[in-house]
Amino acid sequence: MGQVEIDPAEITRVLQELVAIPSVNPAFEGGCGEAGVADYVKQYLAEHGIPYMEQLVEPGRSNIIGMLPGQHPGPALLLEAHMDTVQTTGMTIDPFAGTVTDGRLYGRGACDTKGSLAAMLVAVAALKRSGLPLPVGVHVAAVIDEEYRYTGVSRLAASISSGELSYCGAVVGEPTGLHRVIAHKGCVRFYIDVHGKPGHSSEPGKGVNAIEQMAEVIRYLKEEIAPLYALQEHPLVGAPTHCISEITGGAAPNTIPGSCRITIDRRTVPGEEPLEVWQGFKDRLQELKQNVPGLKLTVQEPFIIDYAMETSGSHPLVLQLASAVTGYAEGRHEHGAAYGTDASKLARVSVPSVVFGPGDIGQAHTDNEWVSVQEVVSAASALAELILHYRRDGM
Ligand SMILES: [Zn+2]
């Protein structure tokens, strides 16, 4: 075992207390925001004599950043986890009870991602208590709004670009089953509108049917665009994808539809720029227009953009995390993921990042969300180990 013991009882208590405080993202049903959890984090840090700063991001919604100094000046190591959760609607368990059964702690956020937050808080508290000298300063950032618009990590990233904060690497807490996710996809989401010509549906030939025109667009995306994705296969995250995730159109049962809209959710791989991908759709659909008589369409500006990310498997942070995890969790390795995380926003401002935490992504957002307490203990132990032996320039 390492020099810093992690107490399973403390992990359980902290995670139960975090789960008991609702922090549903305000964008979702019953959304109350993260203020309760932010207060808890402040209090926990203060109780352990760890100074913190507060970043007001939106009214009533702040990031809390605990700061444990190291022996040597220079950029700190960042541990980052989000405080918000998705809605509790439809859950089959008490979302806030934090009941432990057979080693599993149940509740909304237990897995995504209060388990990670608990591991980070308990790890830095244990390090502080130990009085051991730290080779690197450590910041624990508990941030808002990962589940919707990433405003919390974006605010943190702005402080990094301005030079107010400086990091040599980041561990972003998400349920990876203690594997190390070093690459993940990004996305660009936008609408495509087809404009028809409405009229009486008893004489379909006198109008232009926007739904039938959209069918041509959908066929084109499936037959001409999607097959090309295989050429862009990425070794860790796979090929790009698109999903037509919504469709609306028409006005009444007896009217030729004058409009039809689809939503495109295009997932990008490392190396792809979301705006270039979107421009690519625009260009290709211009070509289609020449082949479909009367087709009028607009590719709208993206309403969501997120970046893909990739950190080298031989980066010192990745290697040192790998050796820190060994001994607490066997058989874990480097992974890619199809989902997005806060890590891409940190990587974007040149902070090498790894996604790592207890729990299974398959348990996130479910109606009986849970996390293995033992995995949370292992995560905290590995993080303490990582910090205690960290070398900014490698092993
Ligand atoms: Zn999450």
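Computed from a prediction, not measured in an experiment: that's the story for all the values here.

**Concerning the overall build of the chain**
In step 1: Counting its regular elements, the chain contains nine helices and 17 strands.
In step 2: Rg of the C-alpha trace for the chain: 24 Å, near the compact-globule value of 21 Å for 395 residues, within the 12% margin.
In step 3: Once the C-alpha set of the chain is aligned to its principal axes, its extents read approximately 80 × 45 × 40 Å.
In step 4: Within the span of the chain, comprising 395 residues, buried residues form 53% of the whole.
In step 5: Relative to all contacts within the chain whose residues are 6 or more apart in sequence, the contacts with residues 24 or more apart total 81%.
In step 6: Looking at the chain as shown, the accessible area adds up to about 16,300 Å², and 52% of this sits on carbon and sulfur atoms.
In step 7: Of note, the chain has its 29 positive side-chain charges centred 5 Å away from the centre of its 46 negative side-chain charges.

**A closer look at the domain arrangement of the chain**
In step 1: As far as domains go, the chain holds domain 1 (8-184 + 308-388) and domain 2 (186-306).
In step 2: One C-alpha centre belongs to domain 1, the other to domain 2; they are set 37 Å apart.
In step 3: Taken together, both faces of the contact between domain 1 and domain 2 bury some 990 Å²; the carbon and sulfur share is 51%.
In step 4: Looking at the side of domain 1 facing domain 2, the largest losses of area belong to Tyr150, Ala308 and Glu310, adding up to 41% of the total buried there.
In step 5: Linking Asp306 and Lys345 is a salt bridge whose minimum nitrogen-to-oxygen distance equals 2.8 Å.
In step 6: Across the domain 1-domain 2 interface, the total number found is four residue pairs in polar contact (both at pLDDT 80 or more).

**What about the coordination of the zinc ion?**
In step 1: Within the protein, the atoms that donate to the zinc ion are His82 (NE2), Asp112 (OD), Glu174 (OE) and Glu174 (OE), at distances of 1.8 to 2.8 Å.
In step 2: Each of the four donor atoms bound to the zinc ion contributes to angles spanning 51 to 144°, and the resulting shape is irregular.
In step 3: For the zinc ion, the single-chain donor residues occur in sequence as H-x29-D-x61-E. Remark: Asp112 occurs in helix α3 (residues 110-130) and His82 occurs in strand β3 (residues 76-82); sequence separation between them is 30 residues. Accessibility classification places His82 together with Asp112 in one group, the buried group.

**A closer look at the UniProt feature "domain: Peptidase M20 dimerisation" (unreviewed entry) in the chain**
In step 1: The UniProt entry lists residues 182-289 under the feature "domain: Peptidase M20 dimerisation" (unreviewed entry), expressed in the numbering used here.
In step 2: Taken end to end, residues 182-289 is 30% helix and 30% strand, and its two terminal C-alpha atoms sit 40 Å from one another.

**Quick word on the environment of Gln87**
In step 1: Residue position: Gln87 is located in the loop between β3 and β4 (100-101).
In step 2: Accessibility expressed as a relative area gives 27% for Gln87, which makes it partly exposed.
In step 3: Separated by 62 residues in the primary sequence, Gln87 and Asn25 have C-alpha atoms spaced 7.3 Å apart.
In step 4: Sequence-distant contacts of Gln87, that is, excluding residues within four places in its chain, are made with Val24, Phe28, Glu29 and Arg108.

**Section: the sheet that holds strand β5 (residues 104-106)**
In step 1: A sheet is described by the order of its strands in space; here three strands give the open sequence β4-β5-β17, paired in antiparallel fashion. What marks the edges here is a single partner per strand, and that holds for β4 and β17 (370-372).
In step 2: Two strands pair when backbone bridges link them, and β4 and β5 are joined in this way by two bridges, in the antiparallel orientation. For Thr101, the partnering residue across the bridge sits in β5 and is Arg104.
In step 3: Set on the sheet, α3 makes contact with β5 and β17; between it and β17 the angle comes to about 45°.
In step 4: Across the sheet, helix α9 (residues 373-388) is in contact with β4, β5 and β17; its angle to β17 comes to roughly 60°.

Parameters and conventions
Residues numbered from 1 in each chain as written. Predicted model: local features only at pLDDT ≥ 70, side-chain atom pairs only at ≥ 80, totals over all residues. Heavy atoms only, no water. Helix = DSSP H or I, 4+ residues; strand = E, 2+ residues; numbered from the N terminus. Rg over C-alpha atoms; globule rule 2.2 N^0.38 Å. Buried < 20%, exposed > 50% of the residue type's maximum accessible area, 1.4 Å probe, protein only. Contact = heavy atoms within 4.5 Å. Areas by Shrake-Rupley, 256 points an atom, 1.4 Å probe, with all protein chains shown as cover. Lys, Arg positive; Asp, Glu negative; His and termini not counted. Charge placed at Lys NZ, Arg CZ, Asp CG, Glu CD. Domains from an automatic or database assignment. Buried area = accessible area lost by both parts, 1.4 Å probe. Salt bridge = Lys/Arg side-chain N within 4 Å of Asp/Glu carboxyl O. Polar contact = N/O pair within 3.5 Å; in protein donor to acceptor, adjacent residues only side chain to side chain. Donors = N, O, S within 2.8 Å, 3.2 Å for Na, K, Ca; no water. Tetrahedral: all angles 85-135°; square planar, octahedral: opposite > 155°, others 65-115°. UniProt positions renumbered as here; feature names shortened; annotations may be inferred. Pairing = 2+ DSSP bridges. Axes fitted to C-alpha atoms, helices over the stretch in contact; angles between N-to-C directions.

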